[in-house]
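Chains, contacts and geometry: an overview
One letter stands for each residue in the lines below.
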There are 2 protein chains.
Amino acid sequence: MYLTNPTQQTAVTTADRVFEQIQHAIVEGDIPSGSKISEPELAKRYQISRSTLREALNRLEKCHLIERKANVGSRVVDCTIEGLLELYITREALEGMACRQAALNMSDMEIADMQAMLKAHGQTQELKDGVAYYQEQGDLDFHYKVILCSHNKQLIDLICGQLYHLVRMYRCQFGMNSPRASRAFNEHSQILQAITDRDGELAEMLMRRHIAASRKNIEKKIAEQNLLD
Amino acid sequence: MYLTNPTQQTAVTTADRVFEQIQHAIVEGDIPSGSKISEPELAKRYQISRSTLREALNRLEKCHLIERKANVGSRVVDCTIEGLLELYITREALEGMACRQAALNMSDMEIADMQAMLKAHGQTQELKDGVAYYQEQGDLDFHYKVILCSHNKQLIDLICGQLYHLVRMYRCQFGMNSPRASRAFNEHSQILQAITDRDGELAEMLMRRHIAASRKNIEKKIAEQNLLD
DNA sequence: TAAATGAAATGTGTCGACAATTTTAACTTG
DNA sequence: CAAGTTAAAATTGTCGACACATTTCATTTA
């Protein structure tokens, strides 16, 4: 599988296709963070005209993967510590609210689906001690589902359509394999319980804590690493 | 003055200029909400080529003023009640967090500036009973300033660069002239006090209440209007 | 040698034309 | 007359070329 974002619609035009390819290359770091983008070069590499490439670049800019300056050109965004922390702050606000809305708006069937998913994740974790799996795909699956279940188009677009591209980029480039997997699973369970109880306030609070915990974990690692320098 | 968004950078290219013109036309309703956009027609009206127009359309899509479907075309976004409420929910989350960050990150000078601005607003209000002014420009000024003072690029871009175009559009098209002006001023004062005290938690809570109050005010009006039908 | 100037080279912005798709309209058929 | 089919018109997507701005680099000058 190539894409994990559930809001990503299937590519119909060539600009769509190239957008996905470049997006993947940026997220994975094949096109390095902070590097300048040469339109003629990329157009040649992907065998398309510059117009089509520029269409793709516009979409990359929309999900904050590149930045453009008039008459100067495009750069892949820098992956900085500050940027990462700002991203987590923003996620805390948006996903917290999405979680509250999910608690208020989810259908009973959607809740049942989610419980099933979490149960499956739990078994996977027990059986294979699937730490690596859970923190990658499982965590994303859970968060995506909560956001979609907020049934708020504005929130869904902002988070899934924009923020999460950056989230995945940072995960790849900073190689985040923290040992928070089992704790994250427990936190997910708590959140789902609050949603099941239709307790929007608690659901938001738990989701915010969940994300804040990740952020603090990162901050701690940074601090430790700074001691070694 | 034409533009109020402080993050909007001066137009250097023709696409920039046309973007601003169309943006203005959409926000003001000169190009009606929900209407289809004809590329050839608009290109002719603004005396530019379709490529340049499409560049402008891409930016309009970035701030959620139009929606595009592949091989079909662009439409101006619909102004619906649901959309408006979703927008306020999102604002509550984002601006609440921005306000918390502002309380934590603002410099003392920025706080002094803000106090001066609010004091000026208060006098204007007293002197001219400037209800109309305050709810339009003054309210926007205050919110913009808080957001910018969060010093969080992610938040600033999401709110000022995207959400607030929609906010202004809804304000224009739904003709929001609610009698919340003096209450809003008081709420702003409370928020600034919390910021001055560096109380991030309270600042966020007050900002969320402030925005939620606007939302509930709208919901009430809708309900009243529905009784007349 | 370092700073300033100017020209060449590279890169971005804009244009008009063609290709591919969708929409419209006319026409056939039941 | 309604529904389905087909052809024409209109619209969007893509392309290559040119105009303009920026960057690079060689040359001049203090």
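Conventions adopted
Residues numbered from 1 in each chain as written. Chains lettered and ligands numbered in written order. Predicted model: local features only at pLDDT ≥ 70, side-chain atom pairs only at ≥ 80, totals over all residues. Heavy atoms only, no water. Helix = DSSP H or I, 4+ residues; strand = E, 2+ residues; numbered from the N terminus. Pairing = 2+ DSSP bridges. Contact = heavy atoms within 4.5 Å. Axes fitted to C-alpha atoms, helices over the stretch in contact; angles between N-to-C directions. Left-handed = near helix turned anticlockwise from the far one by under 90°. Nonpolar A, V, L, I, M, F, W, Y, C, P; charged D, E, K, R; others polar. Buried < 20%, exposed > 50% of the residue type's maximum accessible area, 1.4 Å probe, protein only. Disulfide = S-S within 2.5 Å. Near = heavy atom within 4 Å. Polar contact = N/O pair within 3.5 Å; in protein donor to acceptor, adjacent residues only side chain to side chain.

**A look at unusual backbone geometry**
- In this structure, A:Arg198 is a non-glycine residue whose phi angle is positive, near 60 degrees.
- Take A:Arg198: it is sitting in the loop between helix H8 (181–196) and helix H9 (200–228).
- Unusually for a residue other than glycine, B:His64 sits at a positive phi of about 65 degrees.

**Quick notes on the sheet that holds strand S3 (residues 73–76) of chain B**
Residues and elements named next belong to chain B.
- Read across the open sheet, the three strands follow the order S1-S3-S2; overall the sheet is antiparallel. Strands with a single pairing partner mark the edges of an open sheet, and in this sheet they are strand S1 (36–37) and strand S2 (66–69).
- Looking at chain direction, S1 and S3 are connected through two bridges and run antiparallel. Bridge pairing in S3 links Lys36 to Arg75.
- Together, S1, S2 and S3 form the strand contacts of helix H3 (residues 50–62), whose direction differs from that of S2 by roughly 115 degrees.

**Re the packing of helix H7 (residues 153–173) of chain A against helix H7 (residues 153–173) of chain B**
- Interhelical geometry of H7(A) versus H7(B) gives an angle of 145 degrees and a closest axis separation of 13 Å. For the crossing formed where H7(A) meets H7(B), the hand is right-handed. Counted together, A:Gln154, A:Leu158, A:Gln162, A:Leu163 and A:Leu166 of H7(A) and B:Gln154, B:Leu158, B:Gln162, B:Leu163 and B:Leu166 of H7(B) form the full contact between these two elements.
- Considered class by class, the residues forming the contact of H7(A) with H7(B) number six nonpolar, four polar and no charged.

**Some points on the pairing of strand S3 (residues 73–76) of chain A**
Residue and element names in this part refer to chain A.
- Only one face of S3 is buried, namely the one carrying Ser74 and Val76, since none of Gly73 and Arg75 on the opposite face is buried.
- Judged from the four bridges that link them, strand S2 (residues 66–69) and S3 form a sheet pairing that is antiparallel. Looking at S3, one finds that Ile66 is bridged to Val76.
- Where S2 folds back on S3, the antiparallel hairpin that results is connected by three residues, among which Asn71 adopts a positive phi of roughly 65 degrees.

**What to know about the state of the cysteines**
Residue and element names in this part refer to chain B.
- Going through the model one piece at a time under the given rule, you end up with zero disulfides over all chains.
- Among the cysteines around Cys79, which has no disulfide bond, Cys172 carries the closest sulfur, lying 9.7 Å off.
- Overall, Cys172 belongs to the partly exposed group, its relative accessible area being 37%.

**Some details on the protein's contact with DNA strand C**
- In the vicinity of DNA strand C lie 20 residues, with A:Arg50, A:Arg54, B:Thr13, B:Thr14 and B:Thr52 positioned nearest.
- Counting only the atoms of DNA strand C within 4 Å of the protein, the fraction contributed by sugar and phosphate is 66%.
- Within the side chain of A:Arg54, a nitrogen or oxygen atom sits 2.5 Å from a phosphate oxygen of DNA strand C.
- Within the residue set of the surface near DNA strand C, elements represented by two or more residues are strand S1 (36–37), helix H2 (39–45) and helix H3 (50–62) of chain A together with helix H1 (14–28) and H3 of chain B.
- When its residues are assigned to classes, the surface near DNA strand C shows seven nonpolar, eight polar and five charged.

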